[in-house]
There are 2 protein chains.
Amino acid sequence: MDAKEYLMRTSRELDGPIRQYIDDEEPANLIEAARQYPYAGGKRMRPAMVLAAAGAVGGDRSKAVPLAVAVEYIHNFTLVHDDFMDGDRQRRGMTTIHVAYDVPTAILAGDALFAKAFQIIAELDVPDRNMREILKYVTRAVWDLARGQEMDVNNEGRIVSEETYIETIRLKTSVLFAAAAAGGALAGGADDRTVKALHEYAMALGLGFQIFDDYLGIAGDPSKTGKSVGNDIRKGKCTVMVTHAVKNIKDPKVLEEFKGILGNADATEEQVKRARSIMEDAGSIAYGRQLAQEKVTEAISKLDVLAPGEHKEFMIALARYAIDRDV
Amino acid sequence: MDAKEYLMRTSRELDGPIRQYIDDEEPANLIEAARQYPYAGGKRMRPAMVLAAAGAVGGDRSKAVPLAVAVEYIHNFTLVHDDFMDGDRQRRGMTTIHVAYDVPTAILAGDALFAKAFQIIAELDVPDRNMREILKYVTRAVWDLARGQEMDVNNEGRIVSEETYIETIRLKTSVLFAAAAAGGALAGGADDRTVKALHEYAMALGLGFQIFDDYLGIAGDPSKTGKSVGNDIRKGKCTVMVTHAVKNIKDPKVLEEFKGILGNADATEEQVKRARSIMEDAGSIAYGRQLAQEKVTEAISKLDVLAPGEHKEFMIALARYAIDRDV
């Protein structure tokens, strides 16, 4: 099973449905702005998770399609707001909403996508009881997403504990993956034990995915990742590797040197290389990779509740892909 | 029945419940910011509408209390975002969130209140089917609120048609009142016909309320309303009175003079008085008051479906109060 191929297939499958829920209403500029991110494509990993979970529990995948769209709208809502907060001007090759339109339109387009997602959930063609359970998972996730983004803002430029960093990425990344998996399973009619297992799978997978992303930011090939290796170092992003380094660098002088480079927006290429080599010597880069692997192993172990099949295979393949990619 | 007294009573009744849903979680600054508006009090008209509707249909009002809190959180979420968009620095005697904290915290506190409201709805102690219907009304309202605020931003400094203005205030003000009434009725176990009637009541009431607010902005006593009479004129707010004036001023020179004052931020007191007297001569101020009265009459007529009782009396009194107040 090729996870990327499955993702491309589900992304195409969603191209139509994703355009079915935002009607032509007034004001046209808000509707147009709200449509921009969801219509633009992207990996659509979260909706793929919804569909895979519904299929993996033996449910009717087609009943989960509207939920998949809702989850993607929620992801897009957070992107629109985050891009404004982070001052990002480009996404998916397009100008971000607060730049292309204006700040109020970006805030309102995000709010509108958020509302639309829950309008779709209210209309899901699943038993009322399941709809209520889905709603609980998804609303909890959105609450947590706001907390995660605020923690991320708060963490900026500070060295936080590994625990705090993991909690931040759990809230920022994992909770929506986990709600997608649990919601898909519920739409597919799974029992509580299976729903819980898939929730835990996606929670661990999200952590593994993000930790490996950070690893690629330091150890990856910039020509493939499209990110400069110095990016996270110059921003002072406090990944698990940085926390590990700060704890494990033995020589106080080296530690001081490392801290001097970290978060220095004007650090030279030479300094960035030096910081990386310090982290390498402290075993921190290997540690990051290893932690990502552990999370993925944990994720896969949760899938034992599932009967064999194509969708379970995808969920395993996606977990393996999370830590075996160069972009 | 004294509507204000009933409002004060329900506002006190909600003081406890409104503090029960936002737990101490990380990050503390986000939680604190999210709590500021709902904890601060205010008229709490929307949650009063929820409770009144639940009581008026003969339901158990206590089952509607969490929904009342959710509706107030939604109202507060829109206030937090709108205050930032409108650049307002004060609300209810406190510094607004984007000023007291920062812009990301204001956006996220709004998003968090939004999410929390739907978490509460997911947990409502009402039959699953009713919960789903409540969710449909409330999500539609939030979608419409975003559209209304965007239309308001778009309208700024332009003379729009009465139809456009009415649609804007319907979306900005009425839809959440209407969802509150319909939701309260559903929480109280009302049949579809009653739910629909209360929805229509609150929709018309919201319009009457806002149109009378605009009337007070021109004809009210500034020492009571706390708003300078010139406010709306200097901002060029296109109320139904302004639209009426533009249509009904016969003398082209006077019309030109009126348009020259409208939206002129530096208009003198003398000019503001002149604009007001032009509107008075055109019958526009009387027209605004009359339109508000018509909406309120329409609202009250919808209440015939209800059996007599205290909560019905409040709904009638609230409608009368909407057009019989000086603040």
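Remember, predicted model here, so these are calculated numbers, not experimental data. Each chain has its residues counted from 1, running along the sequence as written. The order in which chains are written sets their letters, starting at A; the order in which ligands are written sets their numbers, starting at 1. The predicted nature of this model means local features are confined to residues of pLDDT at least 70 and side-chain atom pairs, given and counted, to a pLDDT of 80 or more, with totals for whole chains, interfaces and linings taken over all residues. As a rule here, side-chain values come from all non-hydrogen atoms in the structure, and water together with hydrogens is ignored.

### Quick word on the overall build of chain A
Helix and strand definitions follow DSSP, with helices as H or I runs of at least four residues and strands as E runs of at least two, each counted in order from the N terminus. Scanning chain A from N- to C-terminus turns up 16 helices and two strands. Here the C-alpha atoms of chain A give a radius of gyration of 20 Å, agreeing with the 20 Å that 2.2 N^0.38 yields for 327 residues. Structurally, chain A occupies a C-alpha span of about 65 × 50 × 30 Å along its principal axes. The proportion of buried residues among the 327 residues of chain A is 59%. Within chain A, counting contacts between residues at least 6 apart in sequence, those at least 24 apart form 73% of the total. The reference for a compact globule is 2.2 Å times residues^0.38; the radius of gyration itself is calculated from the C-alpha atoms. Type-normalised accessible area, obtained with a 1.4 Å probe on protein chains alone, sets the label of each residue: buried when under 20%, exposed when over 50%, and partly exposed for intermediate values. In what follows, residue pairs with any heavy atoms lying within 4.5 Å of each other are defined as contacts.

### Things to note about the nonpolar core
If you look at the biggest cluster of nonpolar residues, it comprises 251 residues, and the most contacted ones within it are Met315(A) and Met315(B). Each residue touching Met315(A), except ones within four places of it in the same chain, is listed here: Met49(A), Ala52(A), Ala53(A), Ala56(A), Leu198(A), Tyr201(A), Leu303(A) and Leu306(A). Residues belong to a common nonpolar core when they are buried Ala, Val, Leu, Ile, Met, Phe, Trp, Tyr or Cys residues joined through side-chain atoms within 4.5 Å.

### Focus on the side chain of Arg325(B)
Residues and elements named next belong to chain B. Structurally, arginine 325 can be placed in the segment after α16 (310-322). For arginine 325, a relative accessible area of 11% gives the class buried. Nitrogen and oxygen atoms within 3.5 Å of one another constitute a polar contact, given that in protein one can donate a hydrogen and the other can accept it, and given that sequence-neighbouring residues count only through two side-chain atoms. Looking at arginine 325, its side chain comes within polar contact range of the main-chain oxygen of alanine 322, at 2.8 Å. Within the local environment of arginine 325, its side chain forms a polar contact with the backbone oxygen of valine 327, the two atoms lying 3.5 Å apart.

### Re the environment of Met85(B)
Within the secondary structure, Met85(B) sits in helix α4 (residues 61-86). By relative accessible area, Met85(B) is classed as buried at 15%. Met85(B) sits 13 residues away from His98(B) along the chain, and the two C-alpha atoms are 9.7 Å apart. What Met85(B) contacts, discounting residues up to four positions off in sequence, is Pro104(A), Ile107(A), Leu108(A) and Gln149(B).

### Notes on the relation of the copies chain B and chain A
When chain B is fitted onto chain A, the two copies agree to an RMSD of 0.0 Å after a turn of 180° and an axial shift of 0.0 Å. The superposition operator between the copies reduces to a two-fold rotation axis. No C-alpha of chain B approaches the rotation axis more nearly than that of Asp128(B), which lies at 2.8 Å. Taken together, the interface assignments show that 100% of the residues at the interface of chain B recur at the interface of chain A, consistent with an identical surface on both copies. Our superposition of the copies is a least-squares fit, built on the C-alpha atoms of residues whose pLDDT is at least 70 in both.

### What to know about the packing of aromatic side chains
Each Phe, Tyr or Trp ring, with Trp reduced to its six-membered ring, pairs with another whose centre is within 6.5 Å; inter-plane angles below 30 degrees give stacked pairs, above 60 give edge-to-face pairs, and intermediate values give tilted ones. Per the stated rule, a full pass over the model turns up eleven aromatic pairs over all chains. Here the aromatic rings of Phe114(A) and Phe118(A) are separated by 5.5 Å at their centres, their planes lie at 50°, and the arrangement is tilted. With a gap of four residues between them, Phe114(A) and Phe118(A) both fall in helix α6 (residues 103-122), about one helical turn apart. Judged by its relative accessible area of 0%, Phe114(A) is buried. The class for Phe118(A) is buried, based on a relative accessible area of 1%. Here the aromatic cluster, defined as three or more aromatic residues joined through ring pairs, consists of Phe77(A), Phe114(A), Phe118(A), Phe77(B), Phe114(B) and Phe118(B). The criterion for a charge sitting over a ring is simple: Lys NZ or Arg CZ within 6 Å of the ring centre, and within 35 degrees of the ring normal. The side chain of Arg46(A) reaches across the aromatic face of Phe177(A), ending 4.6 Å from its centre. Cation over ring: Arg325(B) sits above Phe209(B), and NZ or CZ is 3.9 Å from the ring centre.

### Description of helix α6 (residues 103-122) of chain B
Under the 1.5 Å per step criterion, the end-to-end length of α6(B) is 29 Å for 20 residues, consistent within 8% with the ideal 28 Å. Burial runs high along α6(B): 19 of the 20 residues are buried. In this scheme, a helix's expected span is set at 1.5 Å multiplied by one less than its residue total.

### Topic: the pattern of salt bridges
For salt bridges, the criterion is a side-chain nitrogen of Lys or Arg within 4 Å of an Asp or Glu carboxyl oxygen. Scanning all chains against the criterion turns up 48 salt bridges over all chains. Glu25(B) serves as the salt-bridge partner of Arg140(A), at 2.9 Å between the closest nitrogen and oxygen. Here Glu25(B) lies in the loop between α1 (3-15) and α2 (28-39) and Arg140(A) lies in helix α7 (residues 128-155), a pairing that spans two chains. Classification of Arg140(A) as partly exposed rests on a relative accessible area of 32%. Residue classification places Glu25(B) among the buried positions, given a relative accessible area of 19%. Residue Lys172(A) pairs with Asp152(A) through a salt bridge whose shortest N-O separation is 3.2 Å. With Lys172(A) in helix α8 (residues 162-187) and Asp152(A) in helix α7, this residue pair connects regions lying 20 residues apart in the sequence. Owing to a relative accessible area of 28%, Lys172(A) belongs among the partly exposed residues under this scheme. Asp152(A) sits in the partly exposed class, given a relative accessible area of 29%.

### Let's talk about the confidence of the model for chain A
pLDDT expresses how confident the predictor is about each individual residue, on a scale running from 0 to 100. The predicted model of chain A has a mean per-residue pLDDT of 96, with 100% of residues at 70 or higher. Under the prediction, the complex receives an ipTM of 0.96, its pTM being 0.96.

### Re helix α7 (residues 128-155) of chain B
Taking 1.5 Å per residue as the helical rise, α7(B) with its 28 residues ought to reach 40 Å, and the 40 Å between its terminal C-alpha atoms agrees with that figure. Looking one or two residues beyond α7(B), the residue adopting positive phi is Gly157(B), at roughly 75°.

### Thoughts on the interface of chain B and chain A
Taken together, the contact pairs 45 residues of chain B with 45 residues of chain A. By buried area we mean how much accessible surface two parts lose on assembly, using a 1.4 Å probe and totalling the loss over both. The largest per-residue losses of area from chain B upon contact with chain A belong to Arg132(B), Trp143(B) and Glu150(B), which jointly make up 18% of the total buried on that side. Summed over the shared surface of chain B and chain A, the number is eight salt bridges. The residue Glu123(A) makes a salt bridge to Lys136(B) at a minimum N-O spacing of 3.8 Å. In this structure, the connection of chain B to chain A is made through 24 residue pairs in polar contact (both at pLDDT 80 or more).

### Concerning unusual backbone geometry
Residues and elements named next belong to chain A. In this model, glutamate 26 is joined to proline 27 through a cis peptide bond whose omega is -10°. Mapped onto the elements of the fold, proline 27 is located in the loop between α1 (3-15) and α2 (28-39). Phi at arginine 92 takes a positive value of approximately 50°, unusual for a residue other than glycine.

### With respect to the environment of Glu257(A)
Residues and elements named next belong to chain A. As for its position among the elements, glutamate 257 is in helix α13 (residues 252-261). Taking the relative accessible area as the measure of exposure, glutamate 257 reaches 33% and is therefore partly exposed. Sequence separation between glutamate 257 and threonine 243 is 14 residues, and the spatial gap between their C-alpha atoms is 15 Å. Here glutamate 257 is in contact with Arg274 and Ile278, once residues within four sequence places are set aside.

### Here we look at the packing of α1(B) against α16(B)
Residues and elements named next belong to chain B. Axis lines are fitted through C-alpha atoms, for helices just across the contact stretch, and the angle between N-to-C directions can take any value from 0 to 180 degrees. For the pair α1 and α16, interaxial distance at closest approach is 8 Å and the crossing angle is 115°. The two elements α1 and α16 meet at a crossing, and its hand is left-handed. Residues Ala3, Lys4, Tyr6, Leu7 and Arg9 of α1 form the contact with α16, whose own contacting residues are Glu310, His311, Phe314, Ala317, Leu318 and Tyr321. In terms of residue class, the contact of α1 with α16 is made up of seven nonpolar, one polar and three charged. By convention, the crossing between two helices is left-handed when the near helix turns anticlockwise from the far helix through less than a right angle, and right-handed when the turn is clockwise. Ten residue types, Ala, Val, Leu, Ile, Met, Phe, Trp, Tyr, Cys and Pro, are classed as nonpolar, four, Asp, Glu, Lys and Arg, as charged, and the remainder, Gly among them, as polar.

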